[in-house]
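A closer look at the structure
Chain by chain, the residues:
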Amino acid sequence: MAFLAPAWLYIAVFYLYPLIANVRMGFQDYTVSSFYTGVAPYVGWANYAAVFQDNNFGRTVLNTALFTVGSLVFQFGIGLALAAFFNRRFPLNGLLRSLLLVPWLLPLVVSGTAWRWILDTDSGVLNHVLLALHLTDHPIPWLASTHDALTAVTMVNIWIGIPFNTVILYGGLQGVPTELHEAAALDGAGAWQRFWRITFPLLRPVTVVALALGLIYTIKVFDVIMVLTQGGPAGSSQTLTILAYNDSFQQLLFGRGAAVGNLLILVAVVFAAIYLHATRKEAR
């Protein structure tokens, strides 16, 4: 018990207490004065009702879903392709795999700032390349257009998440026995058949883990969107994390912000349970 006590104390102070406080705050009319007076009357489900009745809430949920699904699909797909590519022996394999980790290792604020320069309408590198290749006849306002802002932040988040998926899936590919591929090749199976019939089924436990963790990480992305667009223009790239921030720290409606945060926690808990179930099943 003495050995476990410091770990439990750390969890209780930095995880359990904030979680309970946030859940409680979601049912209170918590204002700036509440921090000094300690008075925050309970209002029941009023904060949640206000969140659901907000005219922008539906669009925010849709943005969150599109951002999350788009990020996961391309992060996983590109990550799987790169993992399969690096699962072969060729010169500079280790060096290239190391360089691939750079987007994952950089602070998100640094990555967001660099991409904000790249996506700038007038002086951004991306627009200059597209114009030089005649892929567009006018600069695209990536971060200033209500039609392109969500696409832009999703694209940046995909770039950031590819290394994570590549590393996880590369580790899974290392555990696939080469004898199975050799036997299937002798039986006349092509490369695609070997991948689809052997590799992918054996990667299923790793796939579940990668997607579950990816969803938990993606649904709470804040830094990148805040640096790039701050949820704008006109809420076109606002997700639930940005909504929680705006309610709490822009409008100082701490109860509403806590309510949005609790919704995010609920979603994260569901997929965390899926992740734990998958890892325990794989361990068995």
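For the structure itself, look to the data block above.
Conventions and cut-offs
Residues numbered from 1 in each chain as written. Predicted model: local features only at pLDDT ≥ 70, side-chain atom pairs only at ≥ 80, totals over all residues. Heavy atoms only, no water. Helix = DSSP H or I, 4+ residues; strand = E, 2+ residues; numbered from the N terminus. Buried < 20%, exposed > 50% of the residue type's maximum accessible area, 1.4 Å probe, protein only. Contact = heavy atoms within 4.5 Å. Areas by Shrake-Rupley, 256 points an atom, 1.4 Å probe, with all protein chains shown as cover. Lys, Arg positive; Asp, Glu negative; His and termini not counted. Charge placed at Lys NZ, Arg CZ, Asp CG, Glu CD. Salt bridge = Lys/Arg side-chain N within 4 Å of Asp/Glu carboxyl O. Expected span 1.5 Å × (residues − 1). Patch = residues over 30% accessible without salt bridge, like charges linked within 9 Å, V, L, I, M, F, W, Y side chains within 5 Å. Phe/Tyr/Trp six-rings, centres within 6.5 Å; stacked < 30°, edge-to-face > 60°. Core = buried A, V, L, I, M, F, W, Y, C linked by side-chain atoms within 4.5 Å. Axes fitted to C-alpha atoms, helices over the stretch in contact; angles between N-to-C directions. Parallel < 35°, antiparallel > 145°, perpendicular 65-115°, else oblique. Left-handed = near helix turned anticlockwise from the far one by under 90°. Nonpolar A, V, L, I, M, F, W, Y, C, P; charged D, E, K, R; others polar. Polar contact = N/O pair within 3.5 Å; in protein donor to acceptor, adjacent residues only side chain to side chain.

What to know about the overall build of the chain
A count of helical and extended segments in the chain gives 15 helices and zero strands. The burial tally for the chain puts 37% of its 284 residues in the buried class. For the chain, the share of sequence-separated contacts (at least 6 apart) that also reach a separation of at least 24 residues comes to 66%. Carbon and sulfur atoms make up 69% of the accessible area of the chain, which amounts to about 16700 Å² in all. Placing the 14 positive and 12 negative side-chain charges of the chain at their respective mean positions leaves the two points 12 Å apart.

Some thoughts on the pattern of salt bridges
Evaluated as defined, the whole model comprises one salt bridge. Put simply, Asp54 and Arg256 hold a salt bridge, and the shortest N to O gap is 3.2 Å. Here Asp54, found in the loop between helix H3 (46-53) and helix H4 (57-86), pairs with Arg256, found in helix H15 (residues 254-283); they are 202 residues apart in sequence, far enough to count as distant. Residue class for Asp54 comes out partly exposed when judged on its relative accessible area of 25%.

Concerning the environment of Trp115
With respect to the secondary-structure elements, Trp115 resides in helix H7 (residues 108-118). In this structure the C-alpha to C-alpha distance between Trp115 and Leu126, which are eleven residues apart in sequence, comes to 9.5 Å.

Details of helix H12 (residues 204-219)
Look at H12: 22 Å from first C-alpha to last across 16 residues, which is about the 22 Å you get at 1.5 Å a residue. For H12, the full list of buried residues reads Thr207, Val209, Ala210, Ala212, Leu213, Gly214, Leu215, Ile216, Thr218 and Ile219.

Comments concerning a nonpolar patch on the surface
On the surface, a nonpolar cluster with roughly 1100 Å² of combined accessible area is contributed by Phe3, Leu4, Trp8, Leu9, Tyr10, Ile11, Val13, Phe14 and Tyr15. Relative to the elements of secondary structure, Leu4 occurs in the segment before helix H1 (5-25). The class of Leu4 is partly exposed, set by a relative accessible area of 42%.

Some remarks on the packing of aromatic side chains
Taken as a whole and assessed by the stated rule, the structure comprises 18 aromatic pairs. Both rings, one in Phe85 and one in Phe90, keep their centres 5.0 Å apart while their planes meet at 45°; by these two values the pair is tilted. For the pair Trp104 and Phe164, a centre-to-centre distance of 5.5 Å together with 65° between the ring planes defines the contact as edge-to-face. Highlighted residues: Trp104 in helix H6 (residues 102-105) and Phe164 in helix H9 (residues 149-174), separated in sequence by 60 residues. On the accessibility criterion, Trp104 (41% relative accessible area) is partly exposed. Classification of Phe164 as buried rests on a relative accessible area of 10%.

Description of the nonpolar core
Counting 18 residues, the largest nonpolar core has Leu119, Trp142, Val156 and Leu228 as the members making the most contacts within it. The element best represented in this core is H9, accounting for five residues. Ignoring anything within four residues of it in the chain, the contact list for Leu119 reads Leu126, Trp142, Leu143, Ala152, Met155 and Val156. With ten residues, the next largest nonpolar core counts Tyr48, Leu240, Val260 and Leu264 among its residues.

Structural notes on the packing of H7 against H9
For the pair H7 and H9, the least separation of the axes is 11 Å and the interaxial angle reads 135°. The angle between H7 and H9 places the two elements in the oblique class. H7 and H9 meet at a crossing whose hand is right-handed. Facing Leu108, Ser111 and Trp115 of H7, the residues of H9 in contact are Val156, Trp159 and Ile160. Among the residues forming the contact of H7 with H9, the class breakdown is five nonpolar, one polar and no charged.

Focus on unusual backbone geometry
Most peptide bonds take the trans form, and the phi angle of most residues other than glycine is negative. The step from Gly232 to Pro233 runs through a cis peptide bond, and the omega angle for that step is -5°. Checked against the element boundaries, Pro233 lands in the loop between helix H13 (223-228) and helix H14 (240-250). One non-glycine residue, His134, adopts positive backbone phi at about 60°. Among the residues examined, His134 registers a relative accessible area of 71% and is labelled exposed.

Looking at the side chain of Asn262
Mapped onto the elements, Asn262 comes out in helix H15. Judged by its relative accessible area of 10%, Asn262 is buried. Non-local contacts of Asn262, meaning those with residues more than four positions away in its chain, are made with Asn22, Val23, Gly26 and Tyr48.

Side note on the environment of Arg97
Inspection of the secondary structure puts Arg97 in helix H5 (residues 93-100). Judged by its relative accessible area of 32%, Arg97 falls in the partly exposed class. Sequence-wise, Arg97 and Arg280 are 183 residues apart; in three dimensions their C-alpha atoms are separated by 29 Å. Leave out the neighbours within four places in its chain, and Arg97 touches Phe86 and Tyr170. At 2.7 Å, the side chain of Arg97 forms a polar contact with the side chain of Asn93.

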